[in-house]
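Inside the fold
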Protein chains: 2
Amino acid sequence: MSIEAVLSRIDAGLDASLGRLFDLVRIKSISTDPAFAEEVRRGAEWCAAELAGIGFEASVRQTAGHPMVVAHWRGKVAREAPHVLFYGHYDVQPVDPIELWATDPFEPRIETRADGAKQIVGRGTADDKGQLLTFVEAARAFVAETGGLPCRVTVLLEGEEESGSPSLDAFLLENKAELSHDVALVCDTNMWDAKTPAITATLRGLVGEEVTITAADRDLHSGLFGGPALNPIRVLAKILAELHDETGRVTLPGFYDGVSELPAEVKASWDGLGLTADAFLKPYGLSTPAGEQGRSVLEQLWARPTCEFNGITGGYTGEGFKTVLPAKATVKVSFRLVGDQDPAKIRASFRAFVEARLPKDAKASFHPHGGSPGLALPFDSPWLATAKAALTAEWGVPAVLIGGGGSIPVVGRFKTMLGMDTALVGFGLDDDRIHSPNEKYDLTSFHGGIRSWARILDALAQG
Amino acid sequence: MSIEAVLSRIDAGLDASLGRLFDLVRIKSISTDPAFAEEVRRGAEWCAAELAGIGFEASVRQTAGHPMVVAHWRGKVAREAPHVLFYGHYDVQPVDPIELWATDPFEPRIETRADGAKQIVGRGTADDKGQLLTFVEAARAFVAETGGLPCRVTVLLEGEEESGSPSLDAFLLENKAELSHDVALVCDTNMWDAKTPAITATLRGLVGEEVTITAADRDLHSGLFGGPALNPIRVLAKILAELHDETGRVTLPGFYDGVSELPAEVKASWDGLGLTADAFLKPYGLSTPAGEQGRSVLEQLWARPTCEFNGITGGYTGEGFKTVLPAKATVKVSFRLVGDQDPAKIRASFRAFVEARLPKDAKASFHPHGGSPGLALPFDSPWLATAKAALTAEWGVPAVLIGGGGSIPVVGRFKTMLGMDTALVGFGLDDDRIHSPNEKYDLTSFHGGIRSWARILDALAQG
C-alpha cells in the first residue's frame, strides 16, 4: 500500500468531509447550558454513527453528565502495534455575545478572504469539531482505500470539555482497561503558524491555592490600634514577597525537584522560531520578560514553572479611604508545573512556607483549587520523532516541538490514571477565535489536518 | 476672688446646667443628613444665644456648609493673658440603628445604674454637646460669681465635625486674626478612667495614599503568559514587604525625621498606668504588640509613627479560582505621624520609594487621601503643667498626660493655619457609646468637667 493513494482519496473526498463537518457543526452541543442537553446527546449519537459507518465498534456511553463516545477499530490492521487512543471533544462553547456573530453560529459557511484563503466559519469549527474530524476522516480514507487501518485505534470523544470535564475522572477509572493503550493522540491544539506544523510536547500543570491570613477577630481602627495590632495585609505581603528571589526563581524548598533543563537541540529549535520578547510582549504593552533571568520567552512559558498571584484582597477596597486595620487578607496563588514536579508536594511545601513565616497572632487557612502535574512527553520519545517526520513530510516545513503554557487536564489524567503519554497534534491557528464570536477553522487546517493524520498513522505503523 | 466660690456656684447650679444640656440634646443637629440642616442651624442659634446670655459677643457665622458659632468675651478679665480659644462641636452623629436605642435619642434622660452612678443618655450627650457645655457652664459660673472671666476667651463651635469638617479650613483662613490666640483648648476627648483625669498632649497625624501598580494593558491568562508577563500583585507585594524592617521600623528614607524619644518622666507615667499588652490586645484575640520592638503598647500607640495597609485588591477575588494575571493591583496605605513629621515629605518619600522599586514595564499611579501632621504639645509646655495641676486638684488623683492614636484634624489645623498649640482636655469615658445607640455621658463627667474648666481657667490666669 502506498500512503499516496490514501492521500489522493482524502483530496478527492474533501467536499464530502466538509459536508460532514457542516452536519456536526449544526448540532448545538453547548455543554455548559442544560437547555442544550438534548443537542449534546445528538452530537454524541452523530459521532458514534459516523464512526460505526466507517467500521468502528462505536457506542454512546452514559456518564453522570453528558455522554462519552467510545469506538474501537476491531477490523484489519497493517500491524498490531501500536494501539493509539485518539481524544477529542464534540461539545462547544456558548455563542454569547450572539450579536457579534456575522452569521448564525450553527449554520456553517465557507468564507473566502481577499487573499483567496478559505475559512470554515461556525461555533466549534476549530474547537474541537473540525479538529476531531481530521482524525476521523483520515481513518475513513484509510479504510476506504485499504480495507483497514495501519494500527490499532480507539477513539474517545468527550461532551463536557468546555464545562470542566466533571465526569471524565470517573469514566477513565471505570473504563481503565478499555482505554489504556500505548500512546494518546489529542487534536485540540494549534500549529506554530499557518505554514509550520507543531507538536505540543509539554504542557504545564497547575496547583491552585487560596490562603487567608487572619489576626484580630474583627476590623480595628488604624488610629486607635495601629502599631500594637498586627496587620494581616502586611503579613501576607511579606510572605508573597519572599516567594521569588532576585533572579525570578521560586524559593519554595523542593520547588524545582523534577524540573529538567531543555535538551540543547530543543532549545535551539525554539530559538530558531525567532520569537523575540518584544514580539511576544509588545501587543500587551510589555517589553521585558518577567520570568527567570537568562531564559528566553518561550522557555519561560513552556519549560519553566511559575508562581503567580491571581487575586488578592483585604481591608477596605472601595472608593475613598477608610482607616481600618483589616481582620484578614486573602490571596489566590497558582503554580504552573513542568516535568515531574509533584502537585501534592508543591502544595505541601507552599503551606509549610506560609506557616513558617506567620508571626505570633497570625493564622493561615488554606483552600485548595485543583492540582494537576505537567505533561512532559520525553523529547527523545519515538512517538514524537515519528509524528514529527510525518508532519514535516506533509507540510514541507520542519515540524516544531512546542510547549503549552496552560493546562489541558485530560493529558494529565491520561498520564496519572491510564499511565499513558500524550502527543498533542493540532491544526488550529492563533486567529481562529475559539470561544469568541465568528470562530473559524482554515480549510487548509482541515484538509492538511486530515492528510497529516493519515501520514502519522501510517508512520506509526511503520514502527 | 476664691475659686471655691465659683465651684460652689457650679454645684448649686448643676440642675440648671443639666436642663440646658437637655435643651441642646433635644435639637437634632445631625450634620451628615441634609434633612436635618434646619436643626443644625437651630443648634448654632441656641449656642450663640446661651453664650450671649452669659455676656459673650456671640454670632452665628455662615459657611458653605453648616454655620459656625464664634463668641468673644469682651468683658472684665482678671488678667489680660492668656487669650484662649475654646473649640467644641454642636453637631451629632446619625442615630441609626434607631431600633437599638432604649429610648428616643433626642429625649435625654438620667439613668441611675445599680451602683448609684447617674448617666445622661441621649445622642450627643458625650460627643460633644455635654463636653462643650462643661466649658460654657464654667464660664457662666465665673461671670455670675465674679462679673468676669479669669482671662481672655474666644469660643469656636463647629457644626460639621461629624461630617468631615468641609468648611473648617476656609473659615479658619478667612478669620485667622480673629481666632489666633495663645492656646487652644478642645473638649472632645476622654479621661484615662472614671477616676483619673487626662490631658491628651499628643495626637498622631495621618497621610493617606492610594497606589495602583499596572503592567500589561489588560488581564492575561496565567498559563499562556505566566512567566514572561509581569504580575502587578507580585510587584506590589515586594514593595509593601520592604516598607518595614525586621524590628518593625518603617524603612522610608527620612521617615523618623522629627520623631523624638519620650521624656523619661512621661514614659514612666505611662508605664505607671499599668496597661499590659495582654489587657490591651486580648479583647481582640491578639497577644503580642506588633509595632516597633522594645516599645510598650502605649508608646507604639501614642508616641510612634506607623505605616499601615488599609486595603489591597487586585485580580480575581470572587468565589473559586480564575487563572488570571491581573493588569493592576491597588493598595491603600496610611501613615500615622507623630511629633514634627512632615506629611508632605513623607508622601514624597513614599512615592519615591515606590517608583525606585518598579521593575521595567510596571507603572505606579498615586492618589492622595488627606494629610495632617501629628500634634505634639511639648511635654514641658507651661499650659500642660497648669492644666495638669488644676485637674489633679479637682479629681484628687494625678492627671496623666496621654496620647491619642487617632487624628483630630482640627488640632492640626490650629497648628498649621493659626500657629496655635492645643491642649485636649475631655471628660468622656471609654464606655460612653459615642457614635452608637444609647450614647451617654456620666453625670460625674459633666459636673466634674464644669468644675475642672473653672479651675483650669483660674490657674491659667495665675500665670
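Residues numbered from 1 in each chain as written. Chains lettered and ligands numbered in written order. Predicted model: local features only at pLDDT ≥ 70, side-chain atom pairs only at ≥ 80, totals over all residues. Heavy atoms only, no water.

1. A short note on the overall build of chain A
We apply this condition: Helix and strand labels come from DSSP, where a helix needs a run of H or I of at least four residues and a strand needs a run of E of at least two; each type is numbered from the N terminus. We compute the radius of gyration from the C-alpha atoms alone; for a globule the expected value is 2.2 Å times N to the 0.38, where N is the number of residues. Any two residues whose heavy atoms approach within 4.5 Å at even a single point are treated as in contact. In these tables, accessible area is a Shrake-Rupley quantity obtained with a 1.4 Å probe, and a residue counts as shielded only by the protein chains included in the view.
For chain A, the helix and strand inventory stands at 15 helices and 20 strands. Taken over the C-alpha trace, chain A has a radius of gyration of 25 Å; the compact-globule value for 463 residues is 23 Å, and the two agree within 12%. When its C-alpha atoms are laid out on the principal axes, chain A stretches across 85 × 50 × 50 Å. Considering only residue pairs separated by 6 or more positions, chain A has 79% of its internal contacts joining residues 24 or more positions apart. With an accessible surface of roughly 17100 Å², chain A has 53% of that area assigned to carbon and sulfur atoms.

2. Brief notes about the pattern of salt bridges
Let me state the cut-off plainly: In the sections that follow, a salt bridge refers to a side-chain nitrogen of Lys or Arg positioned within 4 Å of a carboxyl oxygen of Asp or Glu.
One pass over the full model with this rule turns up 70 salt bridges over all chains. Here the salt bridges share partners, and the residues they tie into one network are Arg249(A), Glu261(A), Glu292(A), Arg295(A), Glu299(A) and Arg304(A).

3. Notes on the sheet that holds strand β6 (residues 118–121) of chain A
Across a sheet, paired strands are connected by hydrogen bonds in the backbone, their directions being either parallel or antiparallel. All names here are of chain A. To keep it simple, the criterion reads: In this description, strands pair whenever DSSP reports at least two bridges between them. Fitting a line to C-alpha atoms yields each axis, with helices limited to the stretch in contact; the angle taken between N-to-C directions then spans 0 to 180 degrees.
The strand order β5-β6-β20 describes an open sheet built from three strands, whose pairing is antiparallel. Where the open sheet ends on each side, the last strands, each with one partner, are β5 (109–112) and β20 (440–442). The mean inter-strand angle of the sheet, taken between neighbouring strand axes irrespective of direction, is 35 degrees. Sheet analysis places β5 next to β6, joined by four bridges and oriented antiparallel. Note that in β6 the partner of Thr112 across the bridge is Lys118. Relative to the sheet, helix α4 (residues 125–146) contacts β6 and β20, its axis offset from that of β20 by approximately 40 degrees.

4. Some thoughts on helix α2 (residues 14–25) of chain A
Residues and elements named next belong to chain A. Threshold: For a helix, the expected span equals 1.5 Å multiplied by the number of residues minus one. Exposure classes here rest on a 1.4 Å probe applied to the protein chains alone. A residue is buried below 20% of its type maximum, exposed above 50%, and partly exposed in between.
An ideal rise of 1.5 Å per residue puts 16 Å on 12 residues; α2 measures up with 16 Å between its terminal C-alpha atoms. Burial in α2 covers these residues: Leu14, Ser17, Leu18, Arg20, Leu21, Phe22, Leu24 and Val25. Packing partners of the buried residues in α2 comprise α1 (3–12), α3 (37–54), β5, β6, α4 and α15 (443–462).

5. Considering the UniProt feature "domain: Peptidase M20 dimerisation" (unreviewed entry) in chain A
The condition is simple: UniProt positions are given in the numbering used here, feature names are shortened, and annotations may be inferred rather than shown by experiment.
Under the UniProt annotation, the feature "domain: Peptidase M20 dimerisation" (unreviewed entry) is placed at residues 204–361 of chain A. Secondary structure across residues 204–361 of chain A comprises 30% helix and 22% strand; the distance between its end C-alpha atoms is 37 Å.

6. A look at the sheet that holds strand β5 (residues 109–112) of chain B
All names here are of chain B. One open sheet holds the three strands; their spatial order is β5-β6-β20, and the pairing between them is antiparallel. Looking at the sheet topology across the chains shown, the edges are occupied by β5 and β20 (440–442). Neighbour-to-neighbour, the strand axes of this sheet turn through a mean angle of 35 degrees, independent of strand direction. Docked against the sheet, helix α4 (residues 125–146) engages β6 (118–121) and β20, running at close to 40 degrees with respect to β20.

7. Regarding the packing of helix α1 (residues 3–12) of chain B against helix α15 (residues 443–462) of chain B
Residues and elements named next belong to chain B. Here is the rule we go by: Angles are sorted into four bins: roughly parallel if under 35 degrees, roughly antiparallel if over 145, roughly perpendicular if 65 to 115, and oblique for all others. In this scheme, a crossing is called left-handed if the near helix is turned counterclockwise away from the far one by less than a right angle; it is called right-handed if the turn is clockwise. Each residue gets one of three labels, nonpolar for Ala, Val, Leu, Ile, Met, Phe, Trp, Tyr, Cys and Pro, charged for Asp, Glu, Lys and Arg, and polar for the others, Gly among them.
Here α1 crosses α15 at 160 degrees, and the two axes come no closer than 10 Å. In terms of orientation, α1 lies roughly antiparallel with respect to α15. You can see that α1 and α15 cross each other, and the crossing is right-handed. For the pair α1 and α15, contact is made by Ile3, Val6, Leu7, Ile10 and Asp11 and by His447, Ile450, Arg451, Ala454, Arg455 and Asp458, respectively. Classifying every residue of the contact of α1 with α15 by side-chain character gives six nonpolar, one polar and four charged.

8. What to know about the pairing of strand β2 (residues 68–72) of chain A
On any regular strand, side chains alternate: one points to one face of the sheet, the next to the other face. Residues and elements named next belong to chain A. Across the five residues that make up β2, a large majority, five, are buried. Residue alternation in β2 divides its side chains into two sets, Met68, Val70 and His72 and Val69 and Ala71, and both sets are buried. Here strand β1 (residues 57–61) pairs with β2 via five bridges, running antiparallel. Bridging from a neighbouring strand, Glu57 pairs with His72 of β2.

9. Let's talk about the interface of chain A and chain B
For the record, the criterion: For any pair of parts, buried area is found by adding up, for both, the accessible area (1.4 Å probe) each one loses once the two are put together.
On the chain B side, the residues contacting the 73 residues of chain A number 73 residues. Here chain A meets chain B over a buried area of about 5900 Å², counting both sides, of which 57% is carbon and sulfur. Counting across the chain A and chain B interface gives two salt bridges. Residue Lys238(B) is joined to Glu246(A) by a salt bridge in which the shortest nitrogen-to-oxygen separation is 3.5 Å. Ranked by the residues each element gives to the side of chain A that touches chain B, the list is headed by strand β13 (residues 306–315) of chain A, at nine residues. Of the residues assigned to the side of chain A that touches chain B, the class counts are 30 nonpolar, 28 polar and 15 charged.

10. Examining the domain arrangement of chain A
Residues and elements named next belong to chain A. What counts is decided by this rule: In this entry, domain limits derive from an automatic or database-based domain assignment.
Assigned domains of chain A: these are domain 1 (3–203 + 375–462) and domain 2 (205–259 + 305–372). Here the C-alpha centre of domain 2 lies 40 Å away from the C-alpha centre of domain 1. Counting residues at the interface gives five residues for domain 1 and five residues for domain 2. For the pair domain 1 and domain 2, the summed buried surface comes to about 350 Å²; carbon and sulfur atoms form 41% of the total.

11. Quick word on the state of the cysteines
Working definition: the covalent bond between the sulfur atoms of two cysteines is a disulfide. Operational definition: Any two cysteine sulfur atoms within 2.5 Å of one another count as a disulfide.
Per the counting criterion, the structure on display carries zero disulfides over all chains. Counting only cysteine sulfurs, Cys47(B) is the nearest neighbor of Cys187(B), a cysteine outside any disulfide, at a range of 13 Å.

12. Some details on the packing of helix α13 (residues 382–395) of chain A against α15(A)
Residues and elements named next belong to chain A. As a packed pair, α13 and α15 sit with axes 8 Å apart at the nearest point and diverge in direction by 135 degrees. Here α13 lies oblique to α15, going by the angle between them. Where α13 crosses over α15, the two elements pack in a sense that is right-handed. Residue-level inspection shows Trp383, Thr386, Ala387, Ala390, Leu391, Ala393, Glu394 and Trp395 of α13 in contact with α15, the latter providing Thr444, Gly448, Gly449, Arg451, Ser452, Arg455, Ile456, Ala459 and Leu460. Of the residues assigned to the contact of α13 with α15, the class counts are nine nonpolar, five polar and three charged.

13. Some details on the pairing of strand β10 (residues 198–203) of chain B
Residues and elements named next belong to chain B. Most of β10 is tucked away, with six of its six residues classed as buried. When β10 meets strand β18 (residues 400–404), the two strands line up parallel, connected through five bridges. Residue pairing across strands places Ala198 opposite Val400, the latter belonging to β18. Bridge count for β10 against strand β17 (residues 375–376) is two bridges, and the pairing is antiparallel. Residue pairing for β17: Leu203 is matched across the bridge by Leu375.

14. Remarks on the relation of the copies chain A and chain B
Stated precisely, the cut-off is as follows: Least squares is the method used to superpose the copies, on C-alpha atoms of residues holding a pLDDT of at least 70 in both.
The two copies are related by a screw operation: chain A maps onto chain B through 179 degrees of rotation and 0.0 Å of translation along the axis, at an RMSD of 0.1 Å. Taken together, the rotation angle and the small translation identify this as a two-fold axis. A high fraction, 100%, of the interface residues of chain A reappear at the interface in chain B, so the copies pair face to face through one surface.

15. Re the side chain of Glu308(A)
The line we're drawing: In this tally, Asp and Glu contribute negative charge and Lys and Arg positive charge; neither His nor the terminal groups of the chain are included. Two N or O atoms form a polar contact when they lie within 3.5 Å of each other; inside protein one atom must be a possible hydrogen donor and the other a possible acceptor, and for residues adjacent in sequence the pair counts only when both atoms belong to side chains.
Examined against the element boundaries, Glu308(A) turns out to sit in strand β13. In this structure Glu308(A) is buried but unpaired, with Arg234(B) as the nearest side chain of opposite charge at 5.3 Å. At a separation of 3.4 Å, a polar atom in the side chain of Glu308(A) contacts the main-chain amide nitrogen of Gly227(B). Within the local environment of Glu308(A), its side chain forms a polar contact with the side chain of Asn231(B), the two groups lying 2.8 Å apart. Not counting residues up to four positions away in its chain, the partners in contact with Glu308(A) are Lys332(A), Val333(A), Ser334(A), Gly226(B), Gly227(B), Ala229(B), Asn231(B) and Leu325(B).

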